[in-house]
Amino acid sequence: MVLSKIASESDVSVHSTFASRYVRESLPRYKMPENSIPKEAAFQIINDELMLDGKPRLNLASFVTTWMEPECDKLMMDAMNKNYVDMDEYPVTTELQNRCVNMIAHLFNAPLGDSEAAIGVGTVGSSEAIMLAGLAFKRKWQNKRKAEGKPYDKPNIVTGANVQVCWEKFARYFEVELKEVKLREGYYVMDPEKAVEMVDENTICVAAILGSTLNGEFEDVKLLNDLLVEKNKVTGWDTPIHVDAASGGFIAPFLWPELEWDFRLPLVKSINVSGHKYGLVYAGVGWVIWRSKEDLPEELIFHINYLGTDQPTFTLNFSKGSSQIIAQYYQLIRLGYEGYRNVMENCHQNAIVLKQGLEQTGRFNIVSKDIGVPLVAFSLKDNSRHTEFEIADMLRRFGWIVPAYTMPADAQHVTVLRVVIREDFSRALAERLVLDITKVLHELDSLPARINAKISIVDEQKNGTVIKKTAIETQREITTYWKNFVMAKKNNKNTIC
């Protein structure tokens, strides 16, 4: 007798996912589905949709690490199920975090003995690190003002207008006034002299950036420190400095060790750095280091014991994975000083190659600096015919993700493109990018100049009222217009052929 079984539509064990009903059904977008689906189908349909994302290694907008060694990948996968906050259950993971804090503190020249423990903590990224450092400054300033019988309700921070958005978040979330030093064309970082002029008795700290997001430039922390020392002497204040070294903290010590920006300067009380940028770890880890115990008010530290032992904690997050902490320790001992220096030198040299290639086109002004984060920020010498936004849009066809953006106040009329050089961006890729940018320039040259009237940049009129368009709306219309123009041109050629 022959035994047979009729496969039901829900049984995909006898056929491939692409032969099943799951690939012809819409994916849930708002509500959880009523029924389960096979694991193979779930994997396939999600994996297929993710193919439409950009390639991380060609995302030249990001400072975040996109490649690690397979051995480190395995360590991270093995630690996926470890909750970092369970310190009593995972004491070795906690010890690895403490070792990282000590190593980074020594890298930043903290005034520590050889076996003295540093004051710091691992965070989800530099955003959390900045929040924690800002809270420490605010609480210390408030405590001093209370002791002196002075008002303590109007704290402020002085920064440049080039700061990352997390500083604006800190100011808004924790009710601190953000006093920004405006930029100017040709000078895209905080001017130390203007910053010190803005300091008053309510300033909890001055935030300096070691590696501006806009053009990679290091701010002059040494000059800021010297000017602030003099102002503190005259006024009797003790305004400190925080260094946001999110991008530059793992670069300067290896490429320019003589540069004074860290705890060698007496007013620098805390420093944050992103492990997931040039610390060479995947996204999700940052660090904040304090100069000494006195710079972190004790009342900000919580002690819990419900996980099995007394645990001091100073974080905005609680449960989180251990993988990035373990990965950071791996990189520190795997590469050592020599390895980090070699990686940073490669990044720096490849940035120079890209910069020189762009200069040879004769079409761009370079607005980044050779001393700074290894990136190249550049703008068109003549953008009367076509814009940086068009170049960014057309580079997408080659797979490159290159951002175009306007500078902050008072340099918002300047538009730049920026390419971040990471560990996995080789000289071959730099040379290829220059070739593709050159192709884009030639294609743009073959197009007629922008005609504002044709692209409906003219303000719309409805019911006699003129509706002003934002710069972004205008730019989107320009991009859409030229995309359609180019596609129509290609279609015409195909028809003729």
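Residues numbered from 1 in each chain as written. Predicted model: local features only at pLDDT ≥ 70, side-chain atom pairs only at ≥ 80, totals over all residues. Heavy atoms only, no water.

Asker: Explain the environment of Tyr-337 to me, please; I cannot follow it from the model alone.
Answerer: Tracing the chain through its elements places Tyr-337 in helix 9 (residues 323-361). Tyr-337 sits in the partly exposed class, given a relative accessible area of 41%. A C-alpha to C-alpha distance of 9.4 Å links Tyr-337 and Leu-107, two positions 230 residues apart in sequence. (Helix = DSSP H or I, 4+ residues; strand = E, 2+ residues; numbered from the N terminus. Buried < 20%, exposed > 50% of the residue type's maximum accessible area, 1.4 Å probe, protein only.)

Asker: Quick question: what am I supposed to make of the nonpolar core here?
Answerer: In globular proteins that are soluble, nonpolar side chains generally tend to be buried together. With 106 residues, the main nonpolar core has Val-243, Phe-250, Trp-261, Tyr-278, Met-344, Leu-354 and Ile-391 as its most contacted residues. Ranked by residues supplied to this core, first place goes to helix 9 with 15 residues. Apart from the residues lying within four places of it in its own chain, the contact partners of Leu-354 are Val-376, Val-419, Ile-421, Ala-430, Leu-433 and Val-434. Judged by nonpolar contacts, the second largest core, of 26 residues, contains Ala-129, Ile-157, Val-176 and Cys-205. (Core = buried A, V, L, I, M, F, W, Y, C linked by side-chain atoms within 4.5 Å. Contact = heavy atoms within 4.5 Å.)

Asker: Looking at this structure, how should I read the packing of aromatic side chains?
Answerer: By convention here, two paired aromatic rings are described through the distance between centres and the angle between planes. Counted under the stated rule, the structure contains nine aromatic pairs. Aromatic pair Phe-108 and Trp-261: ring centres 5.2 Å apart, planes at 70°, arrangement edge-to-face. Here Phe-108, found in the loop between helix 3 (91-107) and strand 1 (119-123), pairs with Trp-261, found in the loop between helix 8 (252-255) and strand 6 (268-274); they are 153 residues apart in sequence, far enough to count as distant. Each of the two residues, Phe-108 as well as Trp-261, counts as buried. Relative to Tyr-340, the ring of Phe-254 has its centre 5.3 Å away and its plane inclined at 15°; by these criteria the two rings are stacked. Of the two residues, Phe-254 sits in helix 8 while Tyr-340 sits in helix 9, which places them 86 residues apart along the sequence. Side by side, Phe-254 and Tyr-340 carry an identical accessibility label, which is buried. (Phe/Tyr/Trp six-rings, centres within 6.5 Å; stacked < 30°, edge-to-face > 60°.)

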